[in-house]
Amino acid sequence: LRPTASAFFTFVLTLCLSISTAQSTGLFLSVLIPNTSVALMLAPFLTICLMIIGGFYIPLNLISPYLRWLSWLSFARYGFSAFMINEFGGRYITCGDLDDDGGEVCPYPGSAVISSYGIEGTWTSVWANVGILIAIQIFLRVTTYILLLRSK
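Computed from a predicted structure; not experimentally measured.

## As for the overall build of the chain
Per the secondary structure count, the chain includes six helices and two strands. Taken along its principal axes, the extent of the C-alpha atoms in the chain is 65 × 35 × 25 Å. Across the 152 residues in the chain, those meeting the buried criterion constitute 32%. Just so you have it, the chain exposes about 9500 Å², and 69% of that area is on carbon and sulfur atoms.

## Regarding the confidence of the model for the chain
Scored by pLDDT, the chain has a mean of 88; 93% of the residues are at 70 or more. The spread of mean pLDDT over the elements of the chain runs between strand S2 (residues 108-109), the lowest at 84, and helix H6 (residues 126-150), the highest at 96.

## Let's talk about the layout of surface pockets
Considered as a void within the structure, the largest pocket measures approximately 430 Å³ in volume. Taken together, 14 residues make up the lining of the largest pocket; nearest its centre are Thr25, Phe28, Leu50, Leu73 and Leu140. Sorting the residues of the lining of the largest pocket by element identifies helix H1 (5-32), helix H2 (36-52) and H6 as the ones contributing at least two each. Partitioning the lining of the largest pocket into residue classes produces 13 nonpolar, one polar and no charged.

## Topic: helix H4 (residues 75-88)
Helix length check: H4 (14 residues) gives 20 Å between terminal C-alpha atoms against 20 Å at 1.5 Å per residue, within 8%. Along H4, 12 of the 14 residues are buried, which leaves the element largely enclosed by surrounding structure. Of all the residues in H4, the buried ones are Phe75, Ala76, Arg77, Tyr78, Gly79, Phe80, Ser81, Ala82, Met84, Ile85, Asn86 and Glu87. In this fold, the buried residues of H4 make contact with H1, H2, helix H5 (110-116) and H6. The N-cap of H4, judged by a side-chain oxygen 3.2 Å from the amide nitrogen of Ala76 a few residues on, is Ser74.

## Re the pattern of salt bridges
Across all of its chains, the model carries one salt bridge by this definition. The residue Arg91 makes a salt bridge to Glu87 at a minimum N-O spacing of 2.5 Å. Judged by its relative accessible area of 16%, Glu87 is buried.

## Digging into the side chain of Ser71
Within the secondary structure, Ser71 sits in the loop between helix H3 (65-68) and H4. A polar side-chain atom of Ser71 sits 2.7 Å from the main-chain carbonyl oxygen of Arg68. Not counting the four nearest positions on each side in its chain, Ser71 is found in contact with Ile53, Leu60, Ile63, Arg77 and Tyr78.

## A word on the packing of H4 against H6
Contact geometry for H4 and H6: axes closest at 8 Å, N-to-C directions at 155°. When the interaxial angle is binned, H4 and H6 end up roughly antiparallel. H4 and H6 meet at a crossing whose hand is left-handed. Within the contact between the two elements, H4 uses Phe75, Tyr78, Gly79, Ser81, Ala82, Ile85 and Asn86 and H6 uses Val126, Asn129, Ile132, Leu133 and Ile136. Residue composition of the contact of H4 with H6, by class: eight nonpolar, four polar and no charged.

Reading the values: rules and limits
- Residues numbered from 1 in each chain as written.
- Predicted model: local features only at pLDDT ≥ 70, side-chain atom pairs only at ≥ 80, totals over all residues.
- Heavy atoms only, no water.
- Helix = DSSP H or I, 4+ residues; strand = E, 2+ residues; numbered from the N terminus.
- Buried < 20%, exposed > 50% of the residue type's maximum accessible area, 1.4 Å probe, protein only.
- Areas by Shrake-Rupley, 256 points an atom, 1.4 Å probe, with all protein chains shown as cover.
- pLDDT = per-residue confidence, 0-100.
- 1 Å grid on protein atoms, 1.4 Å probe; cavity = no way out; pocket = protein on both sides within 12 Å on 5 of 7 lines; lining within 4 Å.
- Points joined across faces, edges and corners; volume = space filled by probe spheres on them.
- Nonpolar A, V, L, I, M, F, W, Y, C, P; charged D, E, K, R; others polar.
- Expected span 1.5 Å × (residues − 1).
- Contact = heavy atoms within 4.5 Å.
- Polar contact = N/O pair within 3.5 Å; in protein donor to acceptor, adjacent residues only side chain to side chain.
- Salt bridge = Lys/Arg side-chain N within 4 Å of Asp/Glu carboxyl O.
- Axes fitted to C-alpha atoms, helices over the stretch in contact; angles between N-to-C directions.
- Parallel < 35°, antiparallel > 145°, perpendicular 65-115°, else oblique.
- Left-handed = near helix turned anticlockwise from the far one by under 90°.

Structure representation (structure tokens):
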């Protein structure tokens with residue numbers, strides 16, 4: 001991690017929001033799917049799908065155009081983007097003692113790392129991603145509350 005207090009506290013905030021949003025998703029699914037055995041089958045599958053289309057395994061710009069719209073629904077996209085920007089934004093990565101074998105620019109700009117994951121435009125702001133995490137969490141909690149009220 002970056003050795004600055006602001007980067008550390010931004011990391012902690014993003015981590016807490018990502019975990020809390022994942023918990024909100026689990027709570028929402030548990031209310032939405034009342035059958036426990038069905039919920040236990042669907043929840044891990046949906047969570048892994050959200051992680052895959054969130055940019056962890058496949059960069060956002062390499063996701064099929066037919067599935068790319070689903071990445072906007074993934075809380076993992078916003079948490080991962082915030083982590084990447086917090087770590088690599090405004091930074092240059094030194095090459096160390098490695099030989100320059102491919103004409104790579106050394107030091108390597110952190111913005112190139114961020115864009116290689118398909119994080120572009122407005123989403124290159126940590127705070128835009130944090131804001132979306134908060135909005136997703138509020139939406140899931142309010143929707144879960146409404147579903148619980150209706151189930152009485």
